Amino acid sequence: MKICYFASGPSFHTKRWCQHFHSLGNEVHLITFVQVAQEEYPNIHLHIVASKKVRVSGGNWHLIKSFRKVRKLVKEISPDIFHALYATSYGVVGAFAGHKNFIITALGSDLLVSVRSSSIYRMAVRFAFRKAKWITVMSQEMSDVAKSIGTDMSKVSIVPFGVDPAIFNADHRVLSPDEFVVTSTRNLEKIYNIPHLLKALHLVKDQIPNLKVNIMGYGSLQEELEALVAELGLSESVIFWGKVTQYQIAETLNKSQVFVSVSLSDGNNISLNEAMACGAFCIATDIPANRQWVENKVNGFLVEIDDVEGLASRISEVYANYDSLQKKASPINKAIIQERGTWSNNMKVVEQKYQEMTRNVR
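Residues numbered from 1 in each chain as written. Predicted model: local features only at pLDDT ≥ 70, side-chain atom pairs only at ≥ 80, totals over all residues. Heavy atoms only, no water.

## Looking at the sheet that holds strand 6 (residues 134–137)
As a reminder of what qualifies: At least two DSSP bridges between two strands are required for those strands to pair. The numbering of helices and of strands both runs from the N terminus, where a helix is a DSSP run of H or I of at least 4 residues and a strand a run of E of at least 2. Lines fitted to C-alpha atoms define the axes here, with helix axes fitted over just the stretch in contact, and angles between the N-to-C directions of these axes take values from 0 to 180 degrees. Here, residues are in contact when the closest pair of their heavy atoms is within 4.5 Å.
On the basis of which strands lie adjacent, the open sheet formed by seven strands has the order 3-2-1-4-5-6-7 and parallel pairing. The strands lining the two open edges of the sheet, one partner per strand, are strand 3 (45–48) and strand 7 (156–158). Geometrically, the sheet is characterised by an average inter-axis angle of 20 degrees between neighbouring strands, direction not taken into account. As judged from the four bridges shared by strand 1 (residues 2–6) and strand 4 (residues 81–85), these two strands associate in the parallel manner. Within the sheet, the bridge partner assigned to Cys4 lies in strand 4 and is Phe82. Sheet strands touched by helix 1 (residues 12–23): strand 1, strand 2 (27–32), strand 4 and strand 5 (102–105). Its angle to strand 2, the strand with the most contacts, is close to 160 degrees. Strands strand 1, strand 2, strand 3 and strand 4 of the sheet are contacted by helix 2 (residues 67–77), whose axis makes an angle of about 170 degrees with strand 2.

Okay, structure coming up:
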């Protein structure tokens, strides 16, 4: 099968999809608007469409002007499947290609932020979804948003991504008796609300003298967050890792008592899945994406958005009662990941759909 992805080249999600479906014996192409080195995509046919800078924050309407180049490329590649990752930008431009087996995978903010905040985005995504033969979303909340804009729901499937258990597992979990480690693996962008976490840590740092904090991620707010760490007197406790590998994330989570995600919005929160798989006790914001994985006070804690004191209280509670909380949460999280949070199992749904769509046009 020949599969062509249309997505952001630097994105971890794009690399993961391309590599996975190439490993299954498919010929895989990637069309992207963002410069990326061929070495990052071994064995993948890479096609870069020149464009102005693509902004993470959105507002990339200029990309629509490239639809003729994209349409021409798709015609030349002649893939069995043409699959856009991200409903806005790539999904909207991809809709103009006119491919018979056009798929869109929404990743989170494209539906939960852009569509909800702008009537123009709603119209654009509604148009793209009409052109798609299949649409995947990662949560019920995202499915509800798709329905709210008039999408034909017979085309929509909920397919969470999940984790690779060969990397993310608790087989080598070892905690230092001399440190209480809190880890965040979210990028340094506004939506991930890292200042909320840092302010909460400021409130508990005197109660937890052996506190160590890992901020694993990168983004446009790095300097601002480093300044906040200094201002809050957390410089001796906090380490900024920058961009890291999956293996580094897994190793660090296996040395962490607590994982914290205080994102304002999420499609699925794969970072949470990774932490659950590695056995870290999880604290996350009380949003739909997290409620599908964590039941408050059962297998983790859910906290209100921007409730700094509430988050600080939960971190202190885990510090004081770690063993008893973890004894209850750990086996539940392990079972959840095995049941519905494993990448290879969830991707079988996609593989089967690809095969079905290809058969139906022959």
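## Description of the layout of surface pockets
Put simply, the rule is: Grid points spaced at 1 Å over the protein atoms alone were grouped into cavities, where a 1.4 Å probe fits but cannot get out, and pockets, open sets with protein on both sides within 12 Å along at least five of seven lines, with lining residues defined by an atom within 4 Å of a point. Grid points are joined across faces, edges and corners, and a volume is the space filled by probe spheres set on the points. The nonpolar class holds Ala, Val, Leu, Ile, Met, Phe, Trp, Tyr, Cys and Pro. Asp, Glu, Lys and Arg form the charged class, and all remaining residues, Gly among them, are polar.
Considered as a void within the structure, the second largest pocket measures approximately 270 Å³ in volume. In terms of lining residues, the second largest pocket is bounded by 15 residues, among which Asn169, Ala170, Ala277, Lys334 and Gln338 are the most central. Listing elements by their share of the lining of the second largest pocket, those giving two or more residues are helix 10 (270–278) and helix 12 (308–340). A per-element tally of the lining of the second largest pocket places helix 12 first, with six residues. Looking at the lining of the second largest pocket residue by residue, the class counts come to seven nonpolar, six polar and two charged.

## Observations concerning the sheet that holds strand 11 (residues 258–261)
Taken in spatial order, the six strands line up as 10-9-8-11-12-13 in an open sheet, and their pairing is parallel. Of all strands in the sheet, those bounded by a partner on one side alone are strand 10 (238–242) and strand 13 (301–303). Ignoring strand direction, the axes of neighbouring strands in this sheet form an average angle of 20 degrees. In this sheet, strand 9 (residues 211–216) lies alongside strand 8 (residues 180–184) in parallel orientation, the contact comprising five bridges. Residue Phe180 lies in a different strand from strand 9, and its bridge partner there is Leu211.

## Details of the packing of aromatic side chains
The criterion, for reference: Aromatic contacts are taken between Phe, Tyr and Trp rings whose centres are within 6.5 Å, Trp giving its six-membered ring; a plane angle under 30 degrees counts as stacked, one over 60 as edge-to-face, and the others as tilted. Remark: exposure states derive from per-residue accessible area (1.4 Å probe, protein chains only) relative to the maximum for the residue type, with buried under 20%, exposed over 50%, and partly exposed in between. Comment: the charge-over-ring label is applied if NZ (Lys) or CZ (Arg) is within 6 Å of the ring centre and within 35 degrees of the ring normal.
Tallied over the entire structure, the rule returns 16 aromatic pairs. Ring geometry for Phe33 versus Tyr90: centroids 5.2 Å apart, planes at 35 degrees, classification tilted. Highlighted residues: Phe33 in the loop between strand 2 and strand 3 and Tyr90 in helix 3 (residues 87–95), separated in sequence by 57 residues. Residue Phe33 shares its accessibility class with Tyr90, and that shared class is buried. The cationic tip of Arg314 hangs over the ring face of Phe301; the distance from NZ or CZ to the ring centre is 4.4 Å.

## Some remarks on helix 8 (residues 222–231)
Under the convention used in this document: To be clear, the arc concerns the directions from the helix axis to the C-beta atoms.
Within helix 8, the full set of buried residues consists of Leu225, Leu228 and Val229. Along helix 8, the residues classed as buried sweep out an arc of 105 degrees about the axis, all on the same side. Away from its buried face by more than 90 degrees, helix 8 exposes Glu223, Glu224 and Glu231. For helix 8, the secondary structure elements touched by its buried residues are helix 7 (194–204) and strand 10.

## Describing the pairing of strand 1
As a reminder, the rule being used: For a crossover, the right-handed case is the one in which the path from the first strand over the helix to the second runs clockwise, viewed with the strands pointing away from the viewer.
Burial analysis of strand 1 places four of its five residues in the buried class, the great majority of the element. Pairing of strand 1 with strand 2, which is carried by five bridges, proceeds in the parallel orientation. When the sheet's bridge partners are listed, Cys4 is paired in strand 2 with His29. Taken together, strand 1, helix 1 and strand 2 constitute a β-α-β crossover, and its handedness is right-handed.

## Remarks on the pairing of strand 9
Within strand 9, five of the six residues are buried, which leaves it mostly tucked inside the rest of the structure. Pairing geometry for strand 9 and strand 10, over four bridges, is parallel. Paired with Met216 across the two strands is Gly242, which belongs to strand 10. Taken together, strand 9, helix 8 and strand 10 constitute a β-α-β crossover, and its handedness is right-handed.

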